[in-house]
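Here's the letter readout for the chains.
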Amino acid sequence: MNVGDSPFEGADITVSEITVSDLGHADIENILNYWFGSSSLELRAMIGFDPNKMPSRRLMREALALKTGQGSVAPTILTIRVRGVSVGVHELTHIEPRVSAIMHAHIWNTEHRGRGIGAVSYVRAMERFFEAHGFQRLIFDTPSTNLAANKVKQLWGISPCGRGTFVIPTMAEPIATTRYQVERAHLAGIVERVERLWKYKPLRKQG
Ligand SMILES: CC(C)(COP(=O)(O)OP(=O)(O)OC[C@H]1O[C@@H](n2cnc3c(N)ncnc32)[C@H](O)[C@@H]1OP(=O)(O)O)[C@@H](O)C(=O)NCCC(=O)NCCS
């Protein structure tokens, strides 16, 4: 199936059809379209992103191309796929080797959001990042007004561990965040909990 095809044709999506895998060259243009395309105003509201502070499209393409060579060793970005079609990424920033990193999520198209993909992909990406990097914890500085991103963490049965602000060079200004932390020792319990939830809650096919 080609990138850009709708992964939602046919029968309802099952949890096992949502996977995370290494960034491929074919995913790069999708990422660039997300950051440089028509969604940039929406991204400003959701995650404080400032299009004027972005590196050029060419520079970003080159930086992403380097990440496609990470193989299975220690990926810092993973593509979210539904039935093999890439729909978004999970990415790490603020990496402290073998200690921690901040994890992010981006499902590129609005029509793919709110269908249960993030609920599955975050957990699969956490498993992979913990395994590959030997982290003690993963941190989520979630914009406090971002309902979906906060709800995903509540599904794990964890409480916020603090509030703060988050800023990186491509943001307009610091945004208020709610911080969640997943300790390595708690991952197995979270996976068990969400897998139990998924058994009883089919994914939504319609947006
Ligand atoms: C945040 C994001 C990754 C979540 O993934 P998603 O696939 O849209 O989320 P899901 O459909 O799995 O929903 C997870 C939970 O949030 C709830 N939810 C989803 N969208 C919601 C919304 N707009 N308002 C309130 N709750 C919402 C769902 O109902 C679900 O809870 P439930 O299982 O109890 O029903 C995705 O929406 C996204 O990429 N958004 C744009 C970028 C972004 O905001 N990134 C996060 C920055 S930290």
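A. Fine view of the sheet that holds strand 1 (residues 18-22). The seven strands lie next to each other as 1-2-3-4-5-7-6, forming an open sheet whose pairing is mixed. Strand pairing shows two members of the sheet lacking a second neighbour, strand 1 and strand 6 (162-166), which therefore form its edges. With strand direction ignored, the average angle separating the axes of adjacent strands in the sheet is 35°. Direction of pairing for strand 5 (residues 137-143) relative to strand 7 (residues 175-183): antiparallel, over a ladder of seven bridges. Bridge pairing in strand 7 links Leu-138 to Val-182. Along the sheet face, helix 4 (residues 117-133) touches strand 1, strand 2 (77-82), strand 3 (85-96), strand 4 (100-107), strand 5 and strand 7 and points at about 35° away from the line of strand 1.

B. Seen up close, the side chain of His-112. By the element assignment, His-112 lies in the loop between strand 4 and helix 4. If we skip the residues at most four places from it in the chain, His-112 touches Pro-7, Phe-8, Val-87, Ile-107 and Ile-117.

C. Examining the side chain of Asn-146 more closely. By secondary structure assignment, the location of Asn-146 is in the loop between strand 5 and helix 5 (147-154). Judged by relative accessible area, Asn-146 falls into the buried class, the value being 16%. A polar contact is formed between the side chain of Asn-146 and the backbone nitrogen of Ala-149, at a distance of 3.1 Å. The contacts of Asn-146, once residues within four sequence positions are left out, are Met-46 and Ile-47.

D. Geometry of helix 6 (residues 184-200). Taken residue by residue, helix 6 has Leu-187, Ile-190, Val-191, Val-194 and Trp-198 as its buried positions. All buried residues of helix 6 project into a common sector of 105° when viewed along the axis, lining one side. Away from its buried face by more than 90 degrees, helix 6 exposes Ala-185, Ala-188, Glu-192, Lys-199 and Tyr-200. Looking at the buried positions of helix 6, the neighbouring elements they touch are helix 4 and strand 7.

E. Up close: unusual backbone geometry. Its identity as a non-glycine residue notwithstanding, His-94 has a phi of 50°, on the positive side. When you line up the elements, His-94 lands in strand 3. Under the relative-accessibility criterion, His-94 is labelled partly exposed at 44%. Phi at Arg-98 takes a positive value of approximately 65°, unusual for a residue other than glycine. In this structure, Arg-98 sits in the loop between strand 3 and strand 4.

So, how was this worked out
- Residues numbered from 1 in each chain as written.
- Predicted model: local features only at pLDDT ≥ 70, side-chain atom pairs only at ≥ 80, totals over all residues.
- Heavy atoms only, no water.
- Pairing = 2+ DSSP bridges.
- Helix = DSSP H or I, 4+ residues; strand = E, 2+ residues; numbered from the N terminus.
- Axes fitted to C-alpha atoms, helices over the stretch in contact; angles between N-to-C directions.
- Contact = heavy atoms within 4.5 Å.
- Buried < 20%, exposed > 50% of the residue type's maximum accessible area, 1.4 Å probe, protein only.
- Polar contact = N/O pair within 3.5 Å; in protein donor to acceptor, adjacent residues only side chain to side chain.
- Arc of directions from axis to C-beta.

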